[in-house]
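# Inside the fold
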Amino acid sequence: MDSTKYIFVTGGVVSSLGKGIVSSSLAALLQARGYSVTIQKLDPYINIDPGTLNPYEHGEVYVTEDGAETDLDLGHYERFLNIPTGQANNVTTGRIYEEVIRKERHGEYHGKTVQVVPHITDEIKRRIRLLGKTGLFQIIITEIGGTVGDIESLPFIEAARQMHYELGRQNVIFIHLTLVPYVGVAGELKTKPTQHSVKQLLEFGVQADILVCRTEHSLSPELKSKIALFCNVEQNAVIESKDARTIYEVPILLKEQNFDRVVLQKLGLKLGNNPVLTEWKEAVRHIVEPEKSVKIALVGKYAELPDAYKSILEAFVHAGVRHRAKVEATLVQSDELTETNVAEKIKDCDGVLVAPGFGVRGIAGKIAAIKYVRENGIPFLGVCLGMQMAVVEFGRNVLGLADADSTEMNPETPHPVVALMESQAKVERLGGTMRLGAFECRLAQGSRVREIYGQDVVTERHRHRYEFNNAYREAYVAAGMFPSGINPEHGLVEIVEIPSHPFFIASQFHPEYKSTLKTPHPLFVAFVEAALEHKNHRSP
Ligand code: GLN
């Protein structure tokens, strides 16, 4: 018997209302009341996963422990809940159809006509209930991507409606997120878009149980009553979600309106212990009123699109809280950097992070930035492509290997210091074929990273095809770049550092995926500390 409770979160009126943050905040509140909760995202696009999408389309690809390439909302889920997500937490239309078509080709539908209802909706329900069947969670929050009324998301809404019918209203509830805009000329908040969007949901057979209204101004009790009356929800189920000062304040603001209580009552669950949220409040205080600040340059080719670096930016927030400091991450466009302008472009920064990425655009700028920070003792953290470029830069400028390169950028290089992994050589399909997910990394005794982590072996997440070429290892060590993290199974170099530099560390893995407010990532904490020291040293 599946005793799991299901909460569906839909969005209306406009996109980008922050369903992911509201879902994460609710989950955190329920977790604080003692429930085991997870969140799932249903994405209505036809790609199997976002792994093949350009960040301009979709922002960052978030990678889970088990190697799923997922929507960036899963990053929020992990950062708010401190529990890992996985393959089952992100389902796209493409994945649903892939499975249904596979079954059809195998004759599993016994000659029936395969249709959106019931075959696609059944597969959607199966995917939702898979998480329930693990027995790990009492409550599953499923966020339906897109906006109600979109053609693409209809089958998801229909599947949710069926689950409500099949499992009963105490086991399945609907939270609808809408916008209550302020119309300046009228000097008023307007409820009509909310009413329309709730009605639209109703057309699909779904009555929202709770409304979360995004708004710039507080909703008066009269306005809440009006929304409740016209949208057919109880008055205490109209929750206002005002723009917060930081996303980590959202659980606190929602709790003040008893959002979690209303949800638990509707699900017929005990309220459990009333969470005090001390840690969240402390963190928000440190984010909003930091004691100090430091600027760090984030060098990447998607600088105009901060969502492409979501987890890195959040990891800076977490590390900042640990140091009571505001980390001002300045996005620096890598294609605009050259050896001549780099000093000027990053003159206010006390640390440089060179970002992950693919392809040749912006590479020269990344290398110029790395050369500059290496020669000038500026704290440096390289992530994935950032590590590969640190290796290339060192090869060219310290080892004197002219045209040393990654074979991703120059397949003909005479010095392939970064090269395709053997396991990747025969890969032809693009999607889901990188080295993905968590792998162990053994940290060298006496290294900087060993000291930072305080552990001999760590597990970190990957998403890449190329690696440090071990044929050059001795030459690098002799010249002062030291492989301080090694995969124990394959001997792949996972971290390099320069011991003679104040802070020069680069990892083949992505530390940012594992950073949360509660457990900021040690590499980010150490990097921000080094940047703060650098700043003090410059202007004590
Ligand atoms: N493009 C590089 C590779 O495939 C780095 C990938 C990354 O930065 N995530 O190895």
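Check the entry above for the structure.
Residues numbered from 1 in each chain as written. Predicted model: local features only at pLDDT ≥ 70, side-chain atom pairs only at ≥ 80, totals over all residues. Heavy atoms only, no water.

It is worth spelling out the overall build of the protein chain at this point. Of the regular secondary structure elements, the protein chain holds 18 helices and 23 strands. For 540 residues, the compact-globule formula gives about 24 Å, and the C-alpha radius of gyration of the protein chain, at 25 Å, lands near that figure. Counting only C-alpha atoms and orienting by the principal axes, one finds that the protein chain spans roughly 75 × 65 × 45 Å. Looking at the 540 residues of the protein chain, the share that counts as buried comes to 57%. Sequence separation of 24 or more characterises 72% of the internal contacts of the protein chain that already satisfy a separation of 6 or more. Summed over its atoms, the accessible surface of the protein chain is roughly 22,700 Å², and 50% of this surface lies on carbon and sulfur atoms. (Helix = DSSP H or I, 4+ residues; strand = E, 2+ residues; numbered from the N terminus. Rg over C-alpha atoms; globule rule 2.2 N^0.38 Å. Buried < 20%, exposed > 50% of the residue type's maximum accessible area, 1.4 Å probe, protein only. Contact = heavy atoms within 4.5 Å. Areas by Shrake-Rupley, 256 points an atom, 1.4 Å probe, with all protein chains shown as cover.)

Turning our eyes to something else, we now look at the side chain of K125. Tracing the chain through its elements places K125 in helix α5 (residues 116-133). At 2.8 Å, the side chain of K125 and the side chain of Q162 are in polar contact. Aside from chain neighbours lying at most four places away, what touches K125 is A159, Q162, M163 and E166. (Polar contact = N/O pair within 3.5 Å; in protein donor to acceptor, adjacent residues only side chain to side chain.)

The environment of the ligand is formed by P356, G357, F358, C384, L385, Q388, E408, R463, H464, R465, Y466 and H510. With respect to the ligand, the side chain of E408 contributes an N or O atom lying 2.7 Å from a nitrogen atom. Between a nitrogen atom of the ligand and a side-chain N or O atom of H510, the distance comes to 3.3 Å. Contact with the protein chains removes 99% of the 300 Å² of surface that the ligand exposes when unbound. Residues that form the shell around the ligand fall into these classes: five nonpolar, four polar and three charged. (Near = heavy atom within 4 Å. Nonpolar A, V, L, I, M, F, W, Y, C, P; charged D, E, K, R; others polar.)

Turning our eyes to something else, we now look at the sheet that holds strand β17 (residues 416-420). As summarised here, the arrangement of the three strands in space is β16-β17-β20, forming an open sheet in which the pairing is mixed. Sheet topology places β16 (405-406) and β20 (466-468) at the edges, where each strand pairs with a single neighbour. As defined by bridge partners, β17 adjoins β20 across three bridges and the pair is classed as antiparallel. Looking across to β20, one finds that L420 is bridged to Y466. Helix α15 (residues 385-397) rests against β16, β17 and β20 of the sheet, and its axis sits at about 150° to β17. (Pairing = 2+ DSSP bridges. Axes fitted to C-alpha atoms, helices over the stretch in contact; angles between N-to-C directions.)

Relative to each other, helix α7 (residues 192-203) and helix α8 (residues 221-231) sit at 25°, their axes nearing to 10 Å. By the angle between their axes, α7 is roughly parallel relative to α8. Considering how the two elements wind past one another, α7 and α8 form a crossing that is right-handed. For the pair α7 and α8, the contacting residues are T194, Q195 and V198 in the first and K226, I227, F230 and C231 in the second. Within the contact of α7 with α8, the residues separate by chemical class into four nonpolar, two polar and one charged. (Parallel < 35°, antiparallel > 145°, perpendicular 65-115°, else oblique. Left-handed = near helix turned anticlockwise from the far one by under 90°.)

Summed over all chains, the structure comprises 13 aromatic pairs. With 6.5 Å between their ring centres and 45° between their planes, Y302 and Y309 make a pair best called tilted. Residue classification places Y302 among the buried residues on the basis of a relative accessible area of 11%. Here the aromatic rings of F503 and F527 are separated by 5.7 Å at their centres, their planes lie at 35°, and the arrangement is tilted. On the criterion of sequence distance, the pair formed by F503 in the loop between β22 (493-497) and β23 (504-507) and F527 in helix α18 (residues 522-538) is long-range, its members being 24 residues apart. The two residues F503 and F527 agree in class, both being buried. Clustering of aromatic rings is evident, with ring pairs tying together F316, F503, F524 and F527. (Phe/Tyr/Trp six-rings, centres within 6.5 Å; stacked < 30°, edge-to-face > 60°.)

For helix α14 (residues 363-376), spanning 14 residues, the distance from its first C-alpha to its last is 20 Å, which sits close to the expected 20 Å at 1.5 Å a residue. What α14 keeps buried is the set I363, G365, K366, I367, A368, A369, I370, K371, V373 and R374. One or two steps after α14, the chain reaches G377, where phi turns positive at roughly 65°. (Expected span 1.5 Å × (residues − 1).)

So, on to a nonpolar patch on the surface. On the surface, Y97, I101, V116 and V117 cluster together into a nonpolar patch covering about 320 Å² of accessible area. Residue assignment for the nonpolar patch shows that the elements contributing at least two residues are α4 (93-105) and α5. Relative to the helices and strands, V116 is located in helix α5. (Patch = residues over 30% accessible without salt bridge, like charges linked within 9 Å, V, L, I, M, F, W, Y side chains within 5 Å. Salt bridge = Lys/Arg side-chain N within 4 Å of Asp/Glu carboxyl O.)

Attention now moves to empty space enclosed by the protein. To find leftover empty space, one rolls a probe the size of a water molecule over the atoms. Evaluation of the coordinates by the stated rule reveals five cavities of 30 Å³ or more. Computed from the structure, the largest cavity encloses a volume of approximately 60 Å³. For the largest cavity, the full set of lining residues is P356, G357, F358, C384, Q388, E408, R463, H464, R465, Y466 and H510. Its residues assigned to classes, the lining of the largest cavity comprises four nonpolar, four polar and three charged. There is about 50 Å³ of room inside the second largest cavity. Lining of the second largest cavity is provided by I48, D49, P50, A68, E69, T70, Q87, N90, T92 and R95. (1 Å grid on protein atoms, 1.4 Å probe; cavity = no way out; pocket = protein on both sides within 12 Å on 5 of 7 lines; lining within 4 Å. Points joined across faces, edges and corners; volume = space filled by probe spheres on them.)

With that settled, consider the environment of L517. Examined against the element boundaries, L517 turns out to sit in the loop between β23 and α18. Remark: the alpha-carbon pair of L517 and F316, spanning 201 residues in sequence, is separated by 10.0 Å.

Take α8 next. Here α8 has its buried residues at L223, K224, I227, A228 and C231. The buried residues of α8 all sit within an arc of 135° when viewed along its axis, so they share a single face. In α8, the exposed positions that point more than 90 degrees away from the buried face belong to P221, E222 and L229. Next to the buried residues of α8 lie β9 (188-189), α7, β10 (210-215) and β11 (238-242). Positive backbone phi, at 65°, marks N232, one or two positions downstream of α8. (Arc of directions from axis to C-beta.)

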